[in-house]
Amino acid sequence: MMDAVATDPSSSTPARKQRRARRTRMTGAERREQLLEIGRTLFAERGFEGTSVEEIAAKAGVSKPVVYEHFGGKEGLYAVVVDREMRRLLDMVTSSLTAGHPRELCEQAAFALLDYIDEYTDGFRILVRDSPIPHSTGNFASLISDIATQVEDILGREFKSRGFDPKLAPLYAQALVGMVALTGQWWLDVRRPEKSEVAAHLVNLAWHGLDGLEARPRLVGHRKI
């Protein structure tokens, strides 16, 4: 009995270690991506403060120094995750604006943000949290401002063609994009109605509001300043 156990290759400690090494060996780039995905999931679930380097390392099956080696600490990992998500969302919105008609462009912008929320939910949850650290691409408010800049050019042309002051296009662009962004935050949790219906209602409010726009809007209440 003892001889049988001793000669069983599957019970050999060196053999088990070799199999384990084969399973976990990664290139530096692969390990970095693994840590980013794990960090992204944990930051979305628990926020920056609720996530520890120990937990990130444990889920990756590595020691804490490996995390520090790749990112310099939790702050560095978080900054890379946030920068990636901000670039992804901005790219999705920018690349979606391909139509010629302004109303369809509004639809495309609304769908781009809702698609991002739908497909990259963890990323959006991270972006809308108050960031505890500065990072290279700013914050969610600055990202919304960047997206509004894309819409601003479209509105400027439309305003000019209708005889409105194109200098007001930035104000309206911020208002429209902010409306979609805040609605997206609400839809993130409720997920009703369907995405296409949400986009249709957003554009309905935006477009028919723009369609009936007054060149010189007046206040109807008593307050004037």
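Not measured: the values here are computed from a predicted model.

Caption draft 1: Unusual backbone geometry, seen in detail. That bond from Arg 192 to Pro 193 is cis: its omega, -5 degrees, falls within 30 degrees of zero. With respect to the secondary-structure elements, Pro 193 resides in the loop between helix H10 (169-190) and helix H11 (195-211). Even without a glycine there, the phi angle at Arg 191 is positive, about 55 degrees. Taking relative accessible area as the criterion, Arg 191 reaches 30% and is therefore assigned partly exposed.

Caption draft 2: Here's a closer look at the nonpolar core. Grouped together as the largest cluster of nonpolar side chains are 58 residues, with contacts concentrated most on Leu 35, Ile 56, Leu 89, Leu 127, Phe 140 and Leu 155. The element contributing the most residues to this core is H10, with nine residues. Within the second largest apolar cluster, five residues are counted, among which are Leu 97, Ala 99, Leu 105 and Ile 154.

Caption draft 3: Representation of the packing of aromatic side chains. As enumerated under the stated definition, the model contains seven aromatic pairs in all. Ring centres of Phe 159 and Phe 164 lie 5.9 Å apart, and the angle between their planes is 85 degrees; on these two criteria the pair is classed as edge-to-face. One aromatic cluster is present, formed by Phe 43, Phe 48 and Tyr 78 through successive ring pairs. In this structure, Lys 74 is placed above the aromatic ring of Phe 48, and the distance from its NZ or CZ to the ring centre is 4.3 Å. For Arg 191, the ring lying beneath its charged end belongs to Trp 187, and the centroid distance is 4.9 Å.

Caption draft 4: Looking closely at helix H9 (residues 140-162). Between its first and last C-alpha atoms H9 spans 32 Å; for 23 residues at 1.5 Å apiece the expected length is 33 Å, and the two agree. Along H9, the sharpest change in direction is near 30 degrees and occurs at Val 151. For H9, the full list of buried residues reads Phe 140, Leu 143, Ile 144, Ile 147, Ala 148, Val 151, Ile 154, Leu 155, Gly 156 and Phe 159. Its buried side turned inward, H9 meets helix H6 (74-96), helix H7 (102-119), helix H8 (121-128), H10 and H11.

Caption draft 5: Representation of helix H5 (residues 64-71) within the structure. What H5 keeps buried is the set Val 66, Val 67 and Phe 71. Seen along its axis, H5 keeps its buried residues to an arc of 105 degrees; they face one direction. In H5, the exposed positions that point more than 90 degrees away from the buried face belong to Pro 65 and Glu 69. Its buried side turned inward, H5 meets helix H3 (28-46), helix H4 (53-60) and H6. Of the residues trailing H5, Gly 72 is marked for its positive phi of about 75 degrees.

Caption draft 6: Examining the pattern of salt bridges more closely. Under the counting rule described, the total for this entry stands at ten salt bridges. Between Lys 64 and Glu 54 there is a salt bridge, and its shortest N-O distance comes to 3.0 Å. Highlighted residues: Lys 64 in helix H5 and Glu 54 in helix H4, separated in sequence by ten residues. Among the salt bridges present, the one from Arg 191 reaches Asp 118, with a minimum N-O distance of 3.1 Å. With Arg 191 in the loop between H10 and H11 and Asp 118 in helix H7, the pair connects residues that are 73 residues apart, well separated along the chain. The class of Asp 118 is partly exposed, set by a relative accessible area of 35%. One network of salt bridges, with partners in common, ties together Asp 115, Asp 118, Arg 191 and Lys 195.

Criteria and thresholds
Residues numbered from 1 in each chain as written. Predicted model: local features only at pLDDT ≥ 70, side-chain atom pairs only at ≥ 80, totals over all residues. Heavy atoms only, no water. Helix = DSSP H or I, 4+ residues; strand = E, 2+ residues; numbered from the N terminus. Buried < 20%, exposed > 50% of the residue type's maximum accessible area, 1.4 Å probe, protein only. Core = buried A, V, L, I, M, F, W, Y, C linked by side-chain atoms within 4.5 Å. Phe/Tyr/Trp six-rings, centres within 6.5 Å; stacked < 30°, edge-to-face > 60°. Lys NZ or Arg CZ within 6 Å of the ring centre and 35° of its normal. Expected span 1.5 Å × (residues − 1). Bend = angle between axes of the 7 residues up to and from the residue. Contact = heavy atoms within 4.5 Å. Arc of directions from axis to C-beta. Salt bridge = Lys/Arg side-chain N within 4 Å of Asp/Glu carboxyl O.

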